[in-house]
Amino acid sequence: MSKIKSILLNELEMSKMLTRLSHEIIESHNEISSLAIVGIRTRGEIFARKIVDSIEKISGHKVDFGILDVTFYRDDFSQNLGSPKIGPSDVNFNVNDKNIVLVDDVLYTGRTIRAAMDELFSFGRASSIKLGVLIDRGHRELPIKADFVGKNFPTSNNEHVHVLVNEIDGKDEVRLVEY
Amino acid sequence: MKRIEAKHLLGLENISTQDIETIIDVGFTFREVLERPVKKVPALNGKNIVNLFFENSTRTKISFELAEKRLSADVTNFSASSSSVKKGESLRDTIQNIHVMKMDCVVMRHPIPGSCLQLSNYVDVPIVNAGDGTHEHPTQALLDMMSIKEKFGKIKGLNIGIVGDILHSRVALSNIFGLIKLGANVKLCAPPHLLQRHIEDYGVSITYDVDELIDWADAVNVLRIQRERMGVGLIPSIREYRKFFGITSERLSRHKKEIVIMHPGPINRGVEIDSQVADGDQAIILDQVLNGVAVRMSVLYLLLGSNDFD
Amino acid sequence: MILIKGLEKNKGFILLKGGRLYEPFLSIDKKNDILIKDDVIVKINKSIKEEKNYKVINCDNNIITNGFLDLHVHFREPGFEFKETIKTGSISAFYGGFTRVCTMPNTDPVIDSPELIKFIIEESQDTPVYIHPIGAITKGQKGLEISEIGEMVEAGAVAISDDGIPVKNSQVLRFALEYAKKFNIPVINHAEDNCLVNDGLMHEGKMSTKLGLPGNPDIAESSMVYRDLAISEYVGGRLHVPHVSSFKSLEIIKIFRDKGVDVTAEVTPHHLSLTDSILRNYDTNAKVAPPIRSSKDQKALIDAIKSGLIDCIATDHAPHANEDKDRDFKHASCGMIGLESAFGIVNKTLAAEKVDITDIIDLFTVKPSRVMNIIPNVIKEGNIAEINIIDPVCKWIFDQNSIKSKSNNSALLDREMFGKVLYSMNKGYILNCKV
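Cut-off values and rules
Residues numbered from 1 in each chain as written. Chains lettered and ligands numbered in written order. Predicted model: local features only at pLDDT ≥ 70, side-chain atom pairs only at ≥ 80, totals over all residues. Helix = DSSP H or I, 4+ residues; strand = E, 2+ residues; numbered from the N terminus. Buried ≥ 20, exposed ≤ 12 C-beta atoms within 10 Å, placed from the backbone. Contact = placed C-beta atoms within 7 Å. Core = buried A, V, L, I, M, F, W, Y, C linked by C-beta atoms within 7 Å. Domains from an automatic or database assignment. Nonpolar A, V, L, I, M, F, W, Y, C, P; charged D, E, K, R; others polar. Pairing = 2+ DSSP bridges. Right-handed = clockwise from strand over helix to strand, strands pointing away. pLDDT = per-residue confidence, 0-100.

This next bit is on the overall build of chain A. If you tally the helices and strands in chain A, you get four helices and eight strands. For chain A, the N- to C-terminal ordering of α and β elements is β-α-β-α-β-β-α-β-β-β-α-β. If you line up chain A on its principal axes, its C-alpha atoms span 45 × 40 × 30 Å. Relative to its full complement of 179 residues, chain A shows a buried share of 39%. At a minimum sequence separation of 6, the contacts of chain A that also span at least 24 residues come to 70%.

Our focus in this paragraph is the environment of Asp-69 of chain A. Residue and element names in this part refer to chain A. Residue placement: Asp-69 occurs in the loop between strand E3 (64-68) and strand E4 (99-107). Judged by local crowding, Asp-69 falls into the buried class, with 23 C-beta atoms found within 10 Å. C-alpha of Asp-69 to C-alpha of Glu-119: the two residues are 50 residues apart in sequence and 8.6 Å apart in space. With sequence-adjacent residues up to four places away left out, Asp-69 is seen in contact with Arg-41, Ile-86, Gly-87, Pro-88 and Ser-89.

Time to look at the interface of chain B and chain C. Quite often, the size of an interface is put as the accessible area lost when its parts meet. With 21 residues of chain B in contact, the opposing surface of chain C contributes 17 residues. Those elements that place two or more of their residues in the side of chain B that touches chain C are helix H4 (90-101) and helix H5 (115-120) of chain B.

Counting 271 residues, the largest nonpolar core has Val-163 and Leu-300 of chain B together with Ile-160 of chain C as the members making the most contacts within it. The element that contributes the greatest number of residues to this core is helix H12 (residues 285-306) of chain B, accounting for 11 residues. Sequence-distant contacts of Leu-300 of chain B, defined by excluding residues within four places in its chain, comprise Leu-44, Ile-49, Ala-67, Glu-68, Leu-71, Cys-105 and Val-128 of chain B.

All names here are of chain B. One can read the domain layout of chain B as domain 1 (17-137 + 292-306) and domain 2 (138-288). Placing a centre on the C-alpha atoms of domain 1 and another on those of domain 2 gives a separation of 25 Å. Taken together, the 18 residues of domain 1 in the interface contact 21 residues of domain 2. Mapped by element, the contributors of at least two residues to the side of domain 1 that touches domain 2 are helix H1 (17-33), strand E4 (127-132) and H12. Looking at which element gives the most residues to the side of domain 1 that touches domain 2, the answer is H1, with five residues. Its residues assigned to classes, the side of domain 1 that touches domain 2 shows six nonpolar, nine polar and three charged.

Before going further, it helps to examine the arrangement of the chains. The top pair by number of contacts, from a total of two pairs of chains in contact, is chains B and C. You won't find any contact between chain A and chain C; their C-alpha atoms come no closer than 30 Å.

This part covers unusual backbone geometry. Residue Pro-78 of chain C is bonded to the preceding Glu-77 of chain C through a cis peptide linkage, with omega at 5°. Relative to the elements of secondary structure, Pro-78 of chain C occurs in the loop between strand E9 (68-73) and helix H1 (86-95). Here the amide bond leading from Asp-108 of chain C into Pro-109 of chain C is cis, since omega sits at 5°, within 30 degrees of zero. Tracing the sequence through the fold places Pro-109 of chain C in the loop between strand E10 (98-103) and helix H2 (114-123). Look at His-198 of chain B: it is not a glycine, yet its phi comes out positive at around 70°.

Time to look at the pairing of E3 of chain A. Residue and element names in this part refer to chain A. Pairing analysis gives five bridges linking strand E2 (residues 35-40) to E3, with the strands arranged parallel. Counted as the bridge partner of Ala-36 is Asp-64 from E3. After leaving E2, the chain enters helix H2 (residues 43-59) and then returns to the sheet as E3, a path that is right-handed.

This paragraph deals with the confidence of the model for chain B. Residues and elements named next belong to chain B. With 93% of its residues at a pLDDT of 70 or more, chain B shows a mean pLDDT of 90. Confidence drops under pLDDT 50 across residues 306-310; counting only partners more than four residues distant or on other chains, this segment forms eight contacts. Here the prediction assigns the complex a pTM of 0.89, and the interface score ipTM is 0.92.

Put into structure tokens, the structure is as follows:
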């Protein structure tokens, strides 16, 4: 059984954070035309979409958007940790020479990001790849670091960060949960 | 979390409807992978798969091999001589060899019905039936169903016809079991002596009139007439078969409704189907080939990824 | 003699105390004590007093009856000793309560001469069972020329059969049926039209369709039964139909029997007790010829036992080595062993159908004796003790330990049986089947 320890972010804080992340991404990319945002299924995809909307509104430029399902690239499927529902990836633009920002909800061991980078290569050779996450909860197992972080939140191993989104869960909220 | 319940894919008769649907759904995900510039994923990296073929097969073997390689598995091919099958020694030796070679998965084609199931009694790695004689060829039926779903967006409620030598087909039974499970209506059309007795007990209807079948069906799966069946009294002649059971363009043009034409290949052009039909807009035969790779990737991924055999 | 646990030569007195003696040959059915000295019955009485030097077997609630006769077994010797020998087969039979068996001639060489008949009988001398060989109808089972039937009968043959190979040539079968009349022996013809069998591997029906296995239709048997009986009727012959498997064949046997034709028939324990659903996992141990058929056929076989249309049980005990059975379904050998499990499975099947235990015992004793004209040592004072002690209601599991045959190809392994032969006695041997 899990119990909610605290609410890390509420709806308003999440919305502000996404706006800030969008600004940071724009600032670090001189040419918006070569920028592409790629979300990792399933919650990363939703935030990525929001960031794309936000960047397009701020900059007035169209931004390429893609979705990755990293299931087939994971190194831990035999431990049955893969996502139970597999869906196709959707990268409908030319990846070559693009500056790509991968977006996910929570950065933890880094293995999902490793898988996503591998998968991205199967679509072509990106000019650069950067990483944006809503929450960085620590406990990295691979040498991976986020370039854009909504909030750093050190956790213990028996804790879990649950990200709720309106599109799936009916509300926007980030919870700290203990098992 | 297990993604499918089944430990092996021996046939569609003894696998759950849920599992069949999962395999087809994941098959579509792999279809997307096959559209990428790099068509390979590391999902089965480090897994050893042996393709045991006790009977000649070009297409099925290539399709499996491609699926395995695109999943990054290590592939070992083993083709046994037909003489060892004749002696009947093959199964026992096979079992021992698989144990010794520490394979993670066996894909087997064998001329005798039940061989894969027998093997599964002795081997505890997943076994994929790539055709066991006149019994089942489950991945063929899965790719057929995936192609139907791709074309129509559904399977339930569709009228699917199967025409040809049902009795000696390795494809027919799997299609019947699978399609019925997924809620399609199935009608068979064959010369009466090339149909199993009691086949109607498995939920299909029968006609001996191919025009009636075409009128009724949304899609028709045309089975290959094996030339070795000719001349042993089963099919009097090609021209007679064509006249009464052939899917000719002339015959199709007489029907108002346009139906989808499928064929498991290899095609005997001018025997069971005309070239104009096989190459025409109604045919989805090449989609079937592509879906074959995708659905075999799905089967191997789900069997090897969802169960821990260590 | 090969010794197995529980088998010994009896020296001195054994008293069977408190059992119900059922002796169908003499129409005896009442409580009796029986005293045996060495190999001979010395006294039968309502109550015999125990003496100090008597070994006493308590037979309360048990039935004492004749040793069983199985008129259809394969002991594989000469030629296939790796599957079974006359000695191992005899022990297997004795463990199942059979004191007499008729061996089929499909050995290598084929038993088609008086010398070979004598060989079988001689080999059986120091076993606990009597063997009555069946000679081949045709030389080498080739179906062409009839063998030395008269010489074989003089040497001890009790019937003729080409076993699993049907006599295809109707004229040859006619000769055999006519010629055998002189020697007063039955002709046993495996009834299958091989053209209709058409490489079928199991009963053609709903199950064969599901399993994708080529079917062997019931008409392959019944049409051959019809031909055989029509010939037999015409020449006034004496035909015995082995291992009847289908209701269609029963219909035909009934027609001819009602006309007064001299025909007898047997059923195997597996055809009587199993249906083709046993093949759902392609168990090659259940691959037999003729095939195990549908539940409709099984029901008809039980009814035919009840009505007397089928005369007796015969096991068709057919041992095969593991390497003959661990094959794909097409190449696996046909046949299963049956001696050790015969009574337990038949009694289970028929008791569930409310058949009386005495009628069940008759199927193993007096009825097959009549078919083959074999008179055993009946249970009376002064005779050799050829006796079974049966617990008709004991439940037990037929497992590897219950198999005394050299082979273990049985589709009944690990099934619960009902009723068991506890002791069998013959030729001075006593076997305690409980250990």
